[in-house]
Amino acid sequence: TWMSRHCKLVDLCSPRQGQHLKWVWQEYLEHLQAIAELCVRWEKVDHLKEVVANCKKRPNAYFGYAVPLPLNLPAEIMDELNIPESQ
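Residues numbered from 1 in each chain as written. Predicted model: local features only at pLDDT ≥ 70, side-chain atom pairs only at ≥ 80, totals over all residues. Heavy atoms only, no water.

Draft legend 1. Looking closely at the overall build of the protein. Along its length, the protein carries four helices and zero strands. Listing every helix and strand of the protein by position from the N terminus yields α-α-α-α. Looking at the protein as a whole, 16% of its 87 residues are labelled buried. In the protein, once contacts between residues fewer than 6 apart in sequence are set aside, the share between residues at least 24 apart is 31%. (Helix = DSSP H or I, 4+ residues; strand = E, 2+ residues; numbered from the N terminus. Buried < 20%, exposed > 50% of the residue type's maximum accessible area, 1.4 Å probe, protein only. Contact = heavy atoms within 4.5 Å.)

Draft legend 2. Broad picture of the nonpolar core. Of all hydrophobic cores here, the largest spans seven residues; its members are Cys 39, Trp 42, Leu 48, Leu 71, Leu 73, Ile 77 and Met 78. Once you skip the residues sitting within four places of it in the chain, Leu 73 turns out to touch Trp 42, Lys 44, Met 78 and Leu 81. (Core = buried A, V, L, I, M, F, W, Y, C linked by side-chain atoms within 4.5 Å.)

Draft legend 3. Representation of the packing of aromatic side chains in the model. As enumerated under the stated definition, the model contains one aromatic pair in all. With a centroid separation of 5.6 Å and an interplanar angle of 25°, the aromatic rings of Trp 25 and Tyr 28 are classed as stacked. Taken as a pair, Trp 25 and Tyr 28 lie in helix H2 (residues 15-41) at a separation of three residues, close to a single helical turn. (Phe/Tyr/Trp six-rings, centres within 6.5 Å; stacked < 30°, edge-to-face > 60°.)

None of this, on its own, says anything about what the molecule does.
Quick look at the structure:
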C-alpha cells in the first residue's frame with residue numbers, strides 16, 4: 001500500500017532525511033485526521049465514500065496531481081467557512 005511504501009522509504013533514508021520524512025508523514029496524517037473529523041461533523045462520510053468509489057481519476061504524487069472530491073456542503077456551512085457558493 002501507499003502507506004507501507006512510504007514507511008519503508010523513511011527507514012531507507014539517511015537519519016537526517018528520515019527525520020524530515022517522518023515530520024512530513026506526521027503532518028500528512030494530521031491533515032487527514034482533520035479532514036475525517038470535518039466529514040463526520042458535516043455528515044458527509046457516506047457521500048465521500050461514494051464519490052471516491054465512483055471516481056475514475058487517481059492522484060499521482062510524483063506529478064503533483066490531486067483529485068478534487070466535491071462534498072456538496074449546504075449553504076450554511078459554506079457561509080460559516082466564508083466560501084462563496086460558486087467555489
